[in-house]
Amino acid sequence: MVFRSSYLPSAPASTPLTWIGAAVPPGKADIEALFGGVLNGHFALRSGGIERRSLVCLDTADWRLRRAGLDLVYVERDGLLALSSPDSGRIEQTVGRLRWPAVINGIPAGPVRDALSGPVWVRALLPIAKGRLVGLRFSVLNEDAKTVARLVWWDGSLQAPGQAALPARVDIECLRGYQKDAGEVVRLLSAGAPLGATSGSWLDDMRGTAGVVPISSQRFEMQPDQPADLVVAEALLAYLFDLEANVAGVIGDVDTEYLHDLRIAVRRTRSIVKLLGDVLPEGLAERMAPEFRWLGQVTTPARDLDVYLLSVDELAASVSRPDELDPFAEHIRGQRALAYRNLVRALRSRRFSSLCQVWRAELESVVAAPAWHQLTASQLADERVRRIFRKVRKRASLIGADSPAEEVHALRKTCKEMRYLVELFKPLCAPKAYKQVIRDFKDLQDILGEFQDSEVQAAALRQFAQEMIDGGTVKAGTILAMGELCGRFDASQRNARDELTAHHDAYLGKQAVRHVKRLVRR
Amino acid sequence: MRENRRTLLWDLDPQGAASYLFRIRPRVKGGSPKLVQQSRPLLDAVKATDFEGLDLLPADFTYRHMDIDLNERPRPERTLRRLLQPLEDEYDLVVLDTPPSMSLVSENVLNASDVVLVPLIPTVLSVRTFEQLSGFVAELDGRVPVIRGFFSMVDRRRRLHREILANLPLQHAQVSSIAVPAASNVEQMAVRRAPVTAFAPRSPAALAYLELWAEISDLLATRSSAAE
């Protein structure tokens with residue numbers, strides 16, 4: 001890894017090799033002797049300086065950068081952000097001292113921020129791991145004593161979480177115009193020293209040694225012939241893990257996705273408790289359902305306001321006088337602060353901690369001694385997916401151009417429940433059929449979502465307008481701009497309804513039935 | 001380099017002194033004809049020096065015929081400018097090191113440059129050459145570079161050197177008062193094959209070069225802000 005800002009972006013990259021020998025050479029003289037011996041007769045070696053770097057490996061909680069093949073490192077001493085990818089090389093930006101976590105707007109404008117804004121989206125960048133590197137630099141010289149490549153021996157250590165040595169590495173930095181020489185150096189070192197090619201970066205080593213993992217769902221395995229209560233309890237434990245993993249981020253208001261992900265975990269839990277709760281010990285589902293309903297309710301106001309704030313610029317751009325919406329945005333920010341205060345109080349309450357404790361204990365006792373043997377996991381999946389699909393089709397068939405909005409909402413809810421059910425049983429599904437069913441339902445849910453969101457947003461706008469009028473400070477221009485938005489939401493809801501009835505067959509017709517029938521492997 | 005400017009030095013002198021100093025072989029595959037005809041991209045011939053951020057396009061003996069190669073191109077006096085354009089994203093600064101002559105290559109350099117640095121040995125003949133060059137630049141069409149003379153190989157024990165040093169900057173605003181001494185450290189560059197600022201950074205010659213760079217840097221900044 002090269003941290004020098006003067007390196008040309010298009011210059012040939014460095015080639016890393018990892019030490020695979022039994023014992024790492026203990027000192028600089030030993031390393032110099034090793035390199036000198038291997039290169040002797042081909043190149044001369046000149047010892048250079050020592051570099052020390054403290055690195056912070058950054059990513060979002062769900063590792064968006066890693067998934068996009070990007071490595072982001074903050075070099076503390078230099079206040080430097082370096083972003084690298086195997087395809088597009090490395091870009092760097094001096095950002096000064098920054099405190100993490102930070103959202104994208106908290107990073108000064110520059111090339112790294114520009115490159116990050118897409119992959120990172122609204123998520124905050126967090127320190128995933130911290131490490132320290134000590135690099136011993138050497139120049140490789142040709143017969144004219146001209147540097148044709150540079151070697152850097154890196155000794156690294158993980159500083160957090162935990163402390164451990166990282167595998168030693170050697171970077172062979174190619175210089176422009178001397179690629180052949182650098183290739184020869186790589187060949188000689190690989191053949192003459194216990195150094196092996198490495199595909200991963202330093203950050204891979206740091207993440208691997210630290211044993212850190214991203215927040216994500218579906219970390220449970222499932223076999224077709226397992227007891228039904230065992231697989232349901234294990235899935236619910238995974239959702240509980242997701243839920244709890246997001247609590248600190250919500251309380252710290254790190255970014256808005258923590259609350260979103262927490263709510264998804266709650267929704268999945270509620271759906272599965274409702275659809276499969278009968279396989280759990282008697283009375284457990286009935287006892288826990290109201291608790292999760294409460295949790296869903298306490299998180300709703302804050303999330304609704306987050307959605308408004310995230311789209312406020314887009315909304316402003318859609319009205320004739322965007323500035324008129326500024327007081328509205330201010331009102332939303334104030335409401336959001338209040339809503340988050342209430343939410344944090346709920347997440348710190350005894351009721352919430354008791355909910356998590358009791359739920360975990362109950363689920364773990366099911367996992368320890370599964371007792372429901374009437375159906376296997378595969379039989380349960382097949383039976384329940386077909387059952388809810390029948391319900392979805394029945395509800396959808398009743399919806400026409402004049403159906404009340406409540407019926408459309410009920411259909412959306414059932415569709416969501418079906419999707420969560422299918423996603424839970426993913427390990428038991430035929431991959432192709434699974435993709436088709438998810439795709440069918442995603443399209444349908446998008447339309448239903450647009451219908452409901454438009455209605456909810458229009459209703460909320462009316463409520464906000466009333467609150468602002470009651471507050472006595474709002475101007476007519478702001479109310480008019482909000483009225484413009486209301487009109488757009490109403491139109492969008494009408495469009496969604498037209499699309500829903502027009503495409504009904506595409507989502508729930510014979511083809512969709514075929515996909516569902518083939519879904520669960522037997 | 002001190003300011004992290006990505007810099008390319010093109011050693012246009014077929015004698016290849018700059019290439020020699022940076023320990024880079026004065027050889028370019030295809031030579032001047034291929035570069036001038038653009039059948040070989042300039043960047044392919046570039047070599048990294050031992051100094052990070054500084055690359056060199058080496059000299060080649062075929063450069064002695066570069067005038068002829070340039071003359072075969074459309075609008076020959078603007079050919080180098082066209083050749084350098086693709087490097088704009090790659091480098092912040094390009095330094096063209098030319099042999100001391102008035103030729104089509106020199107005319108190309110004048111057309112391609114923002115600032116032309118002219119080393120002046122404080123003698124009557126070199127003052128005369130500087131005046132000829134200034135007159136020639138003043139008659140150029142379109143974009144005209146800033147000419148800046150500076151004194152080199154100065155020996156203050158000589159009266160003529162002292163007189164020219166004192167008077168010429170007063171007579172010509174284009175001449176800087178910066179003077180690089182005729183010091184053994186400067187001659188040592190060829191022996192050590194390294195810039196004086198690398199091996200004797202506190203020597204009077206090195207300090208004079210740094211002072212000169214500060215002046216050029218200001219000139220470039222002024223030129224750049226005027227262009228905006």
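Starting afresh in each chain, residues are numbered from 1 along the sequence in its written order. The order in which chains are written sets their letters, starting at A; the order in which ligands are written sets their numbers, starting at 1. Reporting of local features is limited, given that this is a predicted model, to residues whose pLDDT is at least 70; pairs of side-chain atoms are given and counted only at 80 or more, and all residues count toward the totals for whole chains, interfaces and linings. Computation of side-chain values: all heavy atoms of the structure, hydrogens and water removed.

What to know about the overall build of chain B
Part 1: Broken down by element type, chain B carries ten helices and seven strands.
Part 2: A radius of gyration in this sense is built from C-alpha atoms; the matching globule rule multiplies 2.2 Å by the number of residues raised to 0.38. Relative to the 2.2 N^0.38 estimate, which gives 17 Å for 228 residues, the radius of gyration of chain B is 18 Å and therefore close to what a compact globule would have.
Part 3: Based on the C-alpha atoms only, the size of chain B along its principal axes is roughly 50 × 40 × 35 Å.
Part 4: Only protein chains enter the accessibility calculation, which uses a 1.4 Å probe; a residue whose area is less than 20% of its type maximum is buried, one above 50% is exposed, and one in between is partly exposed. Going through the 228 residues of chain B one by one, you find that 46% of them count as buried.
Part 5: Only heavy atoms enter the contact rule, under which two residues are in contact if any of them lie within 4.5 Å. Pairs at least 24 apart in sequence give 74% of the contacts found in chain B among residues at least 6 apart.
Part 6: For chain B, the accessible surface area stands at approximately 12200 Å², while carbon and sulfur atoms represent 52% of it.
Part 7: In this count, Lys and Arg are taken as positive residues and Asp and Glu as negative ones, while His and the chain termini are left out. To locate a charge, take NZ of a lysine, CZ of an arginine, CG of an aspartate or CD of a glutamate. Between the centroid of the 28 positive side chains of chain B and the centroid of its 29 negative side chains there is a distance of 5 Å. Strands here are runs of E lasting at least two residues and helices are runs of H or I lasting at least four, both read from the DSSP assignment and numbered beginning at the N terminus. Here the Shrake-Rupley method, with its probe set to 1.4 Å, supplies the accessible areas, and only the displayed protein chains count as covering residues.

Describing the packing of aromatic side chains
Residues and elements named next belong to chain A.
Part 1: Pairing of aromatic rings covers Phe, Tyr and the six-membered ring of Trp, with a centre-to-centre limit of 6.5 Å; geometry is then stacked below 30 degrees between planes, edge-to-face above 60, and tilted otherwise. With the rule as written, the count across this model stands at ten aromatic pairs over all chains.
Part 2: Ring geometry for Phe-328 versus Phe-464: centroids 6.0 Å apart, planes at 55 degrees, classification tilted. With Phe-328 in helix α10 (residues 326–347) and Phe-464 in helix α14 (residues 431–471), the pair connects residues that are 136 residues apart, well separated along the chain.
Part 3: A residue is classified by how much of its surface remains accessible, and Phe-464, at 7% relative accessible area, is buried.
Part 4: Three or more aromatic residues link up through ring pairs in this structure, and these residues are Phe-35, Phe-138 and Trp-153.
Part 5: The lysine or arginine in question, Lys-28, covers the ring of Phe-138, its NZ or CZ lying 6.0 Å from the ring centre.
Part 6: Our definition puts a charge over a ring when NZ of Lys or CZ of Arg is within 6 Å of the ring centre and also within 35 degrees of the ring normal. In this structure, Arg-207 is placed above the aromatic ring of Trp-63, and the distance from its NZ or CZ to the ring centre is 5.7 Å.

Side note on the packing of helix α6 (residues 228–251) of chain A against α10(A)
Residue and element names in this part refer to chain A.
Part 1: The contact between α6 and α10 brings their axes to 10 Å, and the two run at 140 degrees. Between α6 and α10, the interaxial angle falls into the category oblique. Both α6 and α10 take part in a crossing whose hand is left-handed. Along the contact surface, α6 presents Val-247, Val-250 and Ile-251, while α10 presents Tyr-340, Leu-343, Val-344 and Leu-347.
Part 2: Here the contact of α6 with α10 is built from residues that sort into seven nonpolar, no polar and no charged. To get an axis, a line is fitted to the C-alpha atoms, and for a helix only the part in contact is used. The angle between two axes follows their N-to-C directions and goes from 0 to 180 degrees. Between 65 and 115 degrees an angle is taken as roughly perpendicular, under 35 as roughly parallel, over 145 as roughly antiparallel, and anywhere else as oblique. Crossings are classed by handedness, with left-handed meaning an anticlockwise turn of the near helix from the far one by less than a right angle and right-handed meaning a clockwise turn. Residue type decides the class: Asp, Glu, Lys and Arg count as charged, Ala, Val, Leu, Ile, Met, Phe, Trp, Tyr, Cys and Pro as nonpolar, and the leftover types, Gly among them, as polar.

Description of helix α12 (residues 377–397) of chain A
An α-helical turn contains 3.6 residues, so any two residues separated by three or four positions project in the same direction.
Part 1: The first and last C-alpha atoms of α12(A) sit 30 Å apart over 21 residues, in line with the 30 Å expected at 1.5 Å per residue.
Part 2: For α12(A), the full list of buried residues reads A:Ala377, A:Ser378, A:Leu380, A:Ala381, A:Asp382, A:Arg384, A:Val385, A:Ile388, A:Phe389, A:Val392 and A:Ala396. For a helix, the expected span equals 1.5 Å multiplied by the number of residues minus one.

As for the interface of chain B and chain A
Part 1: Taken together, the 18 residues of chain B in the interface contact 20 residues of chain A.
Part 2: Here the quantity called buried area is the accessible surface, traced with a 1.4 Å probe, that two parts lose on coming together, added over both. Per-residue buried area on chain B facing chain A is highest for B:Arg23, B:Asp50 and B:Glu52; these three make up 37% of the total on that side.
Part 3: Salt bridges are identified by distance alone: a Lys or Arg side-chain nitrogen within 4 Å of an Asp or Glu carboxyl oxygen. Applying the counting criterion to the chain B and chain A interface returns six salt bridges.
Part 4: Notably, a salt bridge pairs B:Glu52 with A:Arg137, separated by 3.9 Å at the nearest N-O pair.
Part 5: Here a polar contact means two N or O atoms within 3.5 Å. Within protein one must be a hydrogen donor candidate and the other an acceptor candidate, and residues neighboring in sequence count only if both atoms are side-chain atoms. Taken together, the links from chain B to chain A amount to twelve residue pairs in polar contact (both at pLDDT 80 or more).
Part 6: Partitioned by chemical class, the residues of the side of chain B that touches chain A number seven nonpolar, three polar and eight charged.

Things to note about the side chain of A:Ser271
Part 1: Mapped onto the elements, A:Ser271 comes out in helix α7 (residues 256–276).
Part 2: Setting aside residues no more than four positions away along its own chain, A:Ser271 makes contact with A:Glu417 and A:Tyr420.

What to know about the sheet that holds strand β5 (residues 115–120) of chain B
All names here are of chain B.
Part 1: When DSSP locates at least two bridges between a pair of strands, those strands are taken to pair. On the basis of which strands lie adjacent, the open sheet formed by three strands has the order β5-β6-β7 and parallel pairing. Looking along the sheet, the strands with just one partner apiece sit at the ends: β5 and β7 (175–181). Between one strand axis and the next, the sheet turns by 25 degrees as a mean value, whatever way the strands run.
Part 2: Bridge count for β5 against strand β6 (residues 146–154) is six bridges, and the pairing is parallel. Note that in β6 the partner of Val-118 across the bridge is Gly-149.
Part 3: Against the sheet, helix α7 (residues 159–171) contacts β5, β6 and β7, and its axis sits at roughly 165 degrees relative to β6.

Focus on the pattern of salt bridges
Part 1: Counted under the stated rule, the structure contains 47 salt bridges over all chains.
Part 2: The closest approach of N and O atoms between A:Asp204 and A:Arg66, which form a salt bridge, is 3.1 Å. Highlighted residues: A:Asp204 in helix α5 (residues 202–210) and A:Arg66 in helix α2 (residues 64–67), separated in sequence by 138 residues.
Part 3: Look at A:Asp204 and you get partly exposed, because its relative accessible area is 23%.
Part 4: Judged by its relative accessible area of 28%, A:Arg66 is partly exposed.
Part 5: Each member of the salt-bridge network shares a partner with another, and the members are A:Glu51, A:Arg53, A:Arg77, A:Asp78, A:Arg137, A:Glu173 and B:Glu52.

Structural notes on the confidence of the model for chain B
Part 1: pLDDT: the predictor's confidence for each residue, scored from 0 to 100. Per-residue pLDDT for chain B has a mean of 92; in total, 98% of the residues score no lower than 70.
Part 2: Two summary scores accompany this predicted model of the complex, namely pTM at 0.72 and ipTM at 0.86.

Digging into the nonpolar core
All names here are of chain A.
Part 1: Core analysis: the biggest nonpolar cluster contains 108 residues, and Trp-359 and Met-418 have the highest contact counts within it.
Part 2: When residues of this core are assigned to their parent elements, the largest contribution, 15 residues, is made by α14.
Part 3: Not counting residues within four places of it along the chain, the set of residues in contact with Met-418 comprises Val-385, Ile-388, Phe-389, Val-392, Val-437, Phe-441 and Val-516.
Part 4: Of all hydrophobic cores here, the second largest spans 35 residues; its members include Val-170, Ile-172, Leu-175 and Ala-182. Remark: nonpolar core denotes a set of buried residues (Ala, Val, Leu, Ile, Met, Phe, Trp, Tyr, Cys) joined through side-chain atoms within 4.5 Å.

Considering unusual backbone geometry
Part 1: The omega angle of the peptide bond from A:Trp100 to A:Pro101 is 5 degrees, so this bond is cis rather than trans.
Part 2: Phi at B:Arg193 takes a positive value of approximately 55 degrees, unusual for a residue other than glycine.
Part 3: Mapped onto the elements, B:Arg193 comes out in the loop between α8 (184–192) and α9 (196–199).

Details of the packing of α12(A) against helix α17 (residues 510–517) of chain A
When two helices pack together, their arrangement is given by the angle between the helix axes and by the axis-to-axis distance.
All names here are of chain A.
Part 1: Packing of α12 against α17 brings their axes to within 10 Å, and their N-to-C directions diverge by 165 degrees. It follows from the interaxial angle that α12 and α17 lie roughly antiparallel. By crossing handedness, the relation of α12 to α17 is classed as right-handed. In this structure, α12 contributes Val-385, Arg-386, Phe-389 and Arg-393 to the contact, and α17 contributes Ala-512, Val-513, Val-516 and Lys-517.
Part 2: Counted by class, the contact of α12 with α17 contains five nonpolar, no polar and three charged residues.

Digging into the sheet that holds strand β2 (residues 47–48) of chain B
Residues and elements named next belong to chain B.
Part 1: Read across the sheet, four strands follow the order β2-β3-β1-β4 without closing on themselves; strand pairing throughout is mixed. Edge strands, defined here as strands with exactly one partner in the open sheet, are β2 and β4 (93–97).
Part 2: As paired elements, β2 and strand β3 (residues 54–57) share two bridges and run antiparallel to each other. By the bridge assignment for β3, Ala-48 is matched with Asp-55.

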